[in-house]
Amino acid sequence: MEKQTALELKGISKYFGSVVANKNVNLSVFKNEILSLLGENGSGKTTLMNMISGIYFPDEGQIFIDGEEVIIRSPKDAFKYKIGMIHQHFKLVDVFSAAENVVLGIDDGEKYNIKQVNSRVREIAEKYGFEIDPQKKIHEMSVSEKQTVEIIKVLYRGADILILDEPTAVLTPQEIKKLFGVLRKMREDGKSIIIITHKLNEVMEISDRVAILRKGEYIGTVNTAETNEKQLTEMMVGKKVELKIERVKTDFDRPLLELRDLIIKKDDGSTAIDGVNFYIRGGEILGVAGVAGCGQKELCEAIAGLRKLESGFIMHKGESIVGLPPKEIIKKGIAMSFIPEDRLGMGLVPSFSITDNMMLKTYGEGKSPFVNRKSARERANGLIERLEIVTPSTETPVRRLSGGNVQKVLVGREIESSPNVIVTAYPVRGLDINSSYAIYDILNEQKKNGVGILFIGEDLDVMLALCDKIMVLCHGKNMGIVHAEKTTKEQLGLMMTGALDLNEQKKDKVFGKAKDSNLTEEQWSAAEERAEAEKEFKEKSDD
Amino acid sequence: MTNEKTVREPLFHISKRDTLPWWKCWLIRIAAVFAALVLSSLLIIVLVKKNPVELYASIFNGNFGSGTKTWLTFQDTAILLCIALAVTPAFKMKFWNIGAEGQVLAGCLASAACVFYIGSSVPNWLLLVIMTVCAILAGAIWAVIPAVFKAIFNTNETLFTLMMNYIATFLIAFFLNKWVKSGSGTLGILEDGHFPVIGDNPSLLTVLIVLFFAAAMFVYLKFSKHGYEIAVVGESVNTAKYAGINVKKVIIRTLILSGALCGITGLLLVGAINHTLTTSLAGGRGFTAIMVSWLAKFNPLYMILTAFIVVFFQKGANQLASDFPTLMTKDFGDIIVGIIFLFIIGCEFFIGYAIKFRKREKKEKTAEVTE
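Residues numbered from 1 in each chain as written. Chains lettered and ligands numbered in written order. Predicted model: local features only at pLDDT ≥ 70, side-chain atom pairs only at ≥ 80, totals over all residues. Heavy atoms only, no water.

Engineer: Got a minute to help me understand the overall build of chain A in this structure?
Structural biologist: Of the regular secondary structure elements, chain A holds 18 helices and 20 strands. For chain A, the C-alpha radius of gyration of 25 Å lies close to 24 Å, the compact-globule estimate for 543 residues. When its C-alpha atoms are laid out on the principal axes, chain A stretches across 75 × 55 × 45 Å. By residue count, 53% of the 543 residues in chain A fall in the buried class. Considering only intrachain contacts with a sequence separation of at least 6, the fraction spanning at least 24 residues in chain A is 67%. As displayed, chain A offers around 25,000 Å² of accessible surface, 47% of which is attributable to carbon and sulfur atoms. (Helix = DSSP H or I, 4+ residues; strand = E, 2+ residues; numbered from the N terminus. Rg over C-alpha atoms; globule rule 2.2 N^0.38 Å. Buried < 20%, exposed > 50% of the residue type's maximum accessible area, 1.4 Å probe, protein only. Contact = heavy atoms within 4.5 Å. Areas by Shrake-Rupley, 256 points an atom, 1.4 Å probe, with all protein chains shown as cover.)

Next up, the structure:
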């Protein structure tokens, strides 16, 4: 069968100042096809897609749709050419229902009829195998349901070319399977689908062809059936890479950090962490798996002293750190780094130079009223050299660095302070392969030095390879702690959604209480009694 | 597929520039001033049919027409600069303190009260010390009240500081009524509590004091631990907490500093310049100072320049109105000054962004298509 070209790009370039985001990119997508767009972070995938969907305007080059040259100046133009993009960060109104979000912004001159909309949404959902309730409000939805709404929104507008920007990053393995089913049905229906992803196994599974970008340049397109993960990686990185994460064998020390009966609330007062026990030994990496927003952030903040505990204990080397100010916790050698979705958020000041960011936690040292920029600059230079951070100088604002280098600065600084416990959440979020491996190496090195590491991650494959044990959270509850060597992705997926609760399976076992705890059982119960008494006293004085 | 409407590339699009070398930045700024002068000249010729050079000479004379005028320009610049320096640390922290007016007035009231009540019974040097202490305290108290409420109850500091301005104004009105027995509400010249005069130049001391503050503020913000904390809190409160910074303490401490400096401005207004007390001593400069601070991107050294530019044009507009009373009202002077300001501020956009026009050859091609 002759394949029909749906979308073709010729010589597309885009510059931001002297930064080349895309250079001379040629790309075509056929009808009835799923094309994967593969590339390291900062290789210009999202920029390219934004030009097709009308958010950016190309500096050079032409776009053809169905063989005709078009100029796409705005998302409205893109919609006219039946192009729809599903962004990584959802753009939905929380208090509206699914159907209301779907029709929001459509101006076809027709009278708004919510019943009709509801039934059309249902029709589309049935056709492609989605599960959705059009009247459900967005804020009551899970991440995967929200994504469904975004996809239907685009289909409702009659899109024939769909672009999905890292759609699987926020989904569980089971949800990914479902999404892929839907995508295949769309392909049968004659749609063209471009999917951006980092995960090679997904590329192999879902796509017909793979287009590869490297540093903004178009490298080539290969048929998925005729390639393998190794070849793709080499095209993407430009050199051979060893695709194996090492799990370093160490002798575990006694528990460094022991947490028991933790109850932590979110900002809105709902429960984030609900009666969780766990401990981290020196020389051990404990992974934390869970769907987005199931208490990971609150847990990190509580350990760093940034969030109050409702109740429970955090013992560091047998001493309670509950209620200590963040400064004291930093001094005890507990380093926390949380990489939020926008990747800068907490931990680094975007407009500050690397030097100034180096002294974020140590600027107060010494008696002088002035900051010691000289020593910070030396440390910054050391870090740049050791971690191969790409930057014009130590005085460059970190906001100007690429994602991988920003994270190296953050993780590097945390390790610089020679901590004994590292709490790190999403340290490789959005990083390319090389940078990710650099971060894993750093963590493994720390593990060898006897540091206890709490690794909160997204990618289950990585966690299975890197961690010693994995704790699974679901709605703030501990679903069980498993040995990474003895579990599977499927089991973790079931635990993440709450379908499998090991606490129920093994009623005689209590997860997360160390046998060789730093405290004796008597001491623990004494601490509990003390907490009880304090609580009672507080309640009384409140009356 | 409909293709006619969007077949043309947009006429121009905007893209972000790299950092320009400093001389190019200044070239753009000078070009902007020049362009503003050309446009203003056209307006002058068309609307009031005058030689523009005459009007520009008048603006210049308003500032530097005589030795006294020159020093008055410097003195006014110094006062505006001092208030701008005072609001800067708070603004850098993203604490929107628009209460500088009230904080200055509180300083004025405190200094004048010292002179009024104990002026004749203590030696002048002691009086000056007491005035300084009281002015600093008054300014600091005026600023720290909203800061405490912000730190503890997270109240809106903009509204709070604004309302504190009115309280300060009416407090002065109250005391003037109380002090002046005739009921006229004008205090007249205070005999005591005058600052020493260097040589025979009554403005020099004020100018020197404020220049010292500018240098000190520059060092404080850039090199001190406090300055570092202010910058971190301003960028992100969450990051500051993460770094172990006591955010409440920083807010309160910074506003004490901010208010104290406003208080000192009030002290200078009463003790070194006006030697009296009225409700209009600050004269809106508490608000103008915010613009001065922003224009200088919170850099105390640049602020010397921005404060001067603002004062220069204000004085120029006044001079225009008095030199050409038959030709125009004060409004026309303000229009000219407004145009120049617009260009000066507007040109910063062209420093950050480049505008790329549609290529000519393409234009011809699309023209063919439409034919």
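Engineer: What exactly am I supposed to notice about the pairing of strand S14 (residues 311–316) of chain A here?
Structural biologist: When a strand is regular, its side chains alternate between the sheet's two faces. All names here are of chain A. Summarising the sheet, strand S11 (residues 255–265) and S14 pair through five bridges and their orientation is antiparallel. The residue bridging Arg260 from the neighbouring strand is Phe313, located in S14. As paired elements, S14 and strand S15 (residues 319–320) share two bridges and run antiparallel to each other. Note on S15: the bridge partner recorded for His316 is Glu319. (Pairing = 2+ DSSP bridges.)

Engineer: I would appreciate a short explanation of the packing of aromatic side chains in the present structure.
Structural biologist: In the structure shown here, the tally under the stated rule is 26 aromatic pairs over all chains. Taking 5.7 Å as the distance between ring centres and 55° as the angle between the ring planes, the aromatic pair formed by Phe352(A) and Tyr228(B) counts as tilted. Of this pair, Phe352(A) sits in the loop between strand S16 (334–338) and helix H11 (354–358) while Tyr228(B) is found in helix H8 (residues 225–235), placing the two residues in two different chains. You can call Tyr228(B) buried: its relative accessible area is 4%. Considering the side-chain rings of Phe116(B) and Trp179(B), the 4.5 Å spacing of their centres and the 15° angle between planes classify their relative orientation as stacked. Residue Phe116(B) is found in helix H4 (residues 100–118), and its partner Trp179(B) is found in helix H6 (residues 157–179); the two are separated by 63 residues along the sequence. Taken together through their ring pairs, the aromatic side chains of Phe60(B), Phe64(B), Trp71(B), Phe74(B), Phe308(B), Phe312(B), Phe313(B) and Phe341(B) make up a single cluster. Sitting above the plane of the Tyr81(A) ring, Lys80(A) keeps its charged end 5.9 Å from the centroid. The ring of Trp26(B) has Arg29(B) lying over it, and the distance from NZ or CZ to the ring centre is 4.6 Å. (Phe/Tyr/Trp six-rings, centres within 6.5 Å; stacked < 30°, edge-to-face > 60°. Lys NZ or Arg CZ within 6 Å of the ring centre and 35° of its normal.)

Engineer: Would you take a moment to explain the nonpolar core for this structure?
Structural biologist: In summary, soluble globular proteins display a tendency toward joint burial of nonpolar side chains. If you look at the biggest cluster of nonpolar residues, it comprises 188 residues, and the most contacted ones within it are Phe278(A), Leu454(A), Phe455(A), Ile470(A), Leu85(B) and Leu277(B). Once residues lying within four places of it in the same chain are set aside, the contact partners of Leu277(B) are Cys108(B), Leu109(B), Ala112(B), Ile172(B), Leu176(B), Trp179(B) and Leu187(B). In this structure, Ala98(A), Ala99(A), Tyr156(A) and Leu183(A) belong to the second largest nonpolar core, which totals 35 residues. (Core = buried A, V, L, I, M, F, W, Y, C linked by side-chain atoms within 4.5 Å.)

Engineer: Quick question: what am I supposed to make of a positive patch on the surface here?
Structural biologist: A cluster of basic residues, Lys308(A), Lys538(A), Lys241(B) and Lys248(B), forms a positive patch at the surface. Given the relative accessible area of 55%, Lys538(A) is considered exposed. (Patch = residues over 30% accessible without salt bridge, like charges linked within 9 Å, V, L, I, M, F, W, Y side chains within 5 Å. Salt bridge = Lys/Arg side-chain N within 4 Å of Asp/Glu carboxyl O. Lys, Arg positive; Asp, Glu negative; His and termini not counted. Charge placed at Lys NZ, Arg CZ, Asp CG, Glu CD.)

Engineer: Where do I start with helix H3 (residues 67–92) of chain B in this structure?
Structural biologist: Note on helix geometry: an α-helix contains 3.6 residues per turn, so any two residues three or four positions apart are oriented the same way. The end-to-end C-alpha distance of H3(B) is 37 Å, a good match for the 38 Å that 26 residues give at a rise of 1.5 Å each. Following H3(B) by one or two positions, Lys94(B) has its phi on the positive side, about 60°. (Expected span 1.5 Å × (residues − 1).)

Engineer: Looking at this structure, I do not really get a nonpolar patch on the surface. What am I missing?
Structural biologist: Residue and element names in this part refer to chain B. Residues Leu11, Phe12, Ile14, Phe349, Phe350, Tyr353, Ile355 and Phe357 make up a contiguous nonpolar surface patch of roughly 740 Å² in combined accessible area. Among the secondary structure elements, those contributing two or more residues to the nonpolar patch are strand S1 (12–16), helix H13 (330–352) and strand S2 (353–357). Of all the elements, S2 adds the most residues to the nonpolar patch, at three residues. In this fold, Tyr353 is placed in strand S2. Relative accessible area serves as the criterion here: at 31%, Tyr353 is assigned to the partly exposed category.

Engineer: Would you take a moment to explain the packing of helix H2 (residues 52–64) of chain B against H3(B) for this structure?
Structural biologist: Relative orientation and spacing of two packed helices are given, respectively, by the angle between their axes and the distance between those axes. All names here are of chain B. Axis separation between H2 and H3 bottoms out at 6 Å; the angle between their running directions is 80°. Considering their axes alone, H2 and H3 lie roughly perpendicular with respect to each other. Residues Asn61, Gly62, Asn63 and Phe64 of H2 lie in contact with H3, whose contacting residues are Lys69, Thr70, Thr73 and Phe74. Residues that form the contact of H2 with H3 fall into these classes: two nonpolar, five polar and one charged. (Axes fitted to C-alpha atoms, helices over the stretch in contact; angles between N-to-C directions. Parallel < 35°, antiparallel > 145°, perpendicular 65-115°, else oblique. Nonpolar A, V, L, I, M, F, W, Y, C, P; charged D, E, K, R; others polar.)

Engineer: Help me out: how do you make sense of the pairing of strand S1 (residues 5–16) of chain A in this one?
Structural biologist: All names here are of chain A. Both S1 and strand S2 (residues 19–30) contribute to a ladder of eight bridges, which runs antiparallel. Across the sheet, the residue bridging to Thr5 is Phe30, located in S2. Joining the antiparallel neighbours S1 and S2 is a turn of two residues, in which Gly17 adopts a positive phi near 60°. In this structure, S1 lies alongside strand S4 (residues 60–65), joined through five bridges in antiparallel fashion.

Engineer: Where do I start with the domain arrangement of chain A in this structure?
Structural biologist: Interface extent is often summarised as the accessible area lost during association of the parts. All names here are of chain A. On domain assignment, one finds that chain A holds domain 1 (5–237) and domain 2 (255–534). For domain 1 and domain 2, the distance between their C-alpha centroids amounts to 33 Å. Counting from both sides, the interface comprises 13 residues of domain 1 and, opposite them, 18 residues of domain 2. Our enumeration of links across domain 1 and domain 2 arrives at zero salt bridges. The interface formed by domain 1 and domain 2 includes one residue pair in polar contact (both at pLDDT 80 or more). Residue assignment for the side of domain 1 that touches domain 2 shows that the elements contributing at least two residues are helix H6 (173–188) and helix H8 (229–237). For the side of domain 1 that touches domain 2, the class distribution of residues is four nonpolar, seven polar and two charged. (Domains from an automatic or database assignment. Polar contact = N/O pair within 3.5 Å; in protein donor to acceptor, adjacent residues only side chain to side chain.)

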